[in-house]
Amino acid sequence: LAVIIRHPIFTTVAPRILPLNETHTGGPLGPYTQELGCATEEEAEANCYFPGPDEDGETRTHFYAFATALARMDRLFEPVGLKSLHIDHGYEWQLKVLENWHPSINETQGVFATSPDSPANVTLLDPVVVNITVSEIGVHWVFSVSPQGGWAARRDGSFTIQLVLVAVFTVIGGMGMGCATVAGVRANYKLSQPNA
């Protein structure tokens, strides 16, 4: 599995109209002509003119080429330590493409990388979700992580027991403070009354 990143390059030294009706030599199949309908001035404006952003607000840039990078997923995630997250700490994780994923991952709804015990077509139990966006290169991913078997409070019911105990002690403590306040007010009232 790999990610292909393609980014357009715009520069002031690029020609205004791309020379796309050229004969290219030296390829593996020999010389070939690539014609995209740029023979006339009108066709060139419509098909071969790709203006870019202005440089310094005044100088117009034009499309020059694409910069392309290929990154293998296993090597991309190796420095992050995702394998350690699963093996050493007991977390399951998934990486998912949010939009425009490759048809090869349609059945997993965009999930393209997972921890070893977390199948791509299984949703994690109550995961923590982090969005990963690098809009300059069109990366919109979601990283989901949860402990194997779910969070401790959901796993053994101890959260419910803790909640009930907190509620009971809150009620008892509130009643005790209420009784102490009433006793203190009565004592002050008796002291303020003249002895008869």
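What this report covers is the structure whose coordinates are included nearby. Throughout, a residue's number is its position along its own chain's written sequence, starting from 1. Whole-chain, interface and lining totals are the exception, using all residues; otherwise, since this is a predicted model, local features are given only for residues with pLDDT of at least 70 and side-chain atom pairs are given and counted only at 80 or more. For the side-chain quantities, the full set of heavy atoms in the structure was used; hydrogens and water were omitted.

1. Quick notes on the nonpolar core
Part 1: As used here, the term nonpolar core means buried Ala, Val, Leu, Ile, Met, Phe, Trp, Tyr and Cys residues forming a set that is joined through side-chain atoms within 4.5 Å. Note on classification: 1.4 Å probe, protein chains only; a residue is buried when its accessible area is under 20% of the maximum for its type, exposed when over 50%, partly exposed between these limits. Counting residues in each nonpolar core, the largest one holds 14 residues, and the members touching the most others are Phe77, Leu95, Phe112 and Trp141.
Part 2: Of all the elements in the fold, those that place two or more residues in this core are helix 2 (73-77), strand 6 (91-97), strand 7 (111-114) and strand 9 (139-147).
Part 3: When near neighbours in sequence (up to four residues on either side) are disregarded, Leu95 contacts Phe77, Gly110, Val111, Phe112, Ala113, Ile132, Trp141, Val142 and Phe143. Helix and strand definitions follow DSSP, with helices as H or I runs of at least four residues and strands as E runs of at least two, each counted in order from the N terminus. Note on contacts: a residue pair qualifies if any of its non-hydrogen atoms lie within 4.5 Å across the two residues.

2. Examining unusual backbone geometry
Part 1: We note that Gln109 has phi near 55 degrees; this positive angle belongs to a residue other than glycine.
Part 2: Within the secondary structure, Gln109 is located in the loop between strand 6 and strand 7.
Part 3: One non-glycine residue, Asp126, lies in the positive phi region at around 50 degrees.
Part 4: Mapped onto the elements of the fold, Asp126 is located in the loop between strand 7 and strand 8 (128-134).
Part 5: With relative accessibility at 42%, the residue Asp126 sits in the partly exposed group.

3. Structural notes on the side chain of Thr61
Part 1: Examined against the element boundaries, Thr61 turns out to sit in strand 5 (residues 59-72).
Part 2: Within the structure, the side chain of Thr61 is placed 2.4 Å from the backbone oxygen of Pro53, a separation counted as a polar contact.
Part 3: Apart from the residues lying within four places of it in its own chain, the contact partners of Thr61 are Phe10, Thr11, Thr12, Pro51, Gly52, Pro53 and Glu55. Two N or O atoms form a polar contact when they lie within 3.5 Å of each other; inside protein one atom must be a possible hydrogen donor and the other a possible acceptor, and for residues adjacent in sequence the pair counts only when both atoms belong to side chains.

4. Focus on the sheet that holds strand 4 (residues 51-55)
Backbone-to-backbone hydrogen bonds pair the strands of a sheet. The strands run either parallel or antiparallel.
Part 1: Read across the sheet, three strands follow the order 1-5-4 without closing on themselves; strand pairing throughout is antiparallel. One side of each edge strand has no neighbouring strand; the edge strands of this open sheet are strand 1 (2-11) and strand 4. The average angle at which neighbouring strand axes cross in this sheet is 45 degrees, direction not considered.
Part 2: Here, a strand pair is defined by DSSP locating no fewer than two bridges between the strands. The sheet contact formed by strand 1 and strand 5 spans 10 bridges and is antiparallel. Bridging across to strand 5, Phe10 finds its partner in Phe63. Here the axes come from fitting lines to C-alpha atoms, over the contacting stretch only for helices, and the angles between their N-to-C directions go from 0 to 180 degrees.

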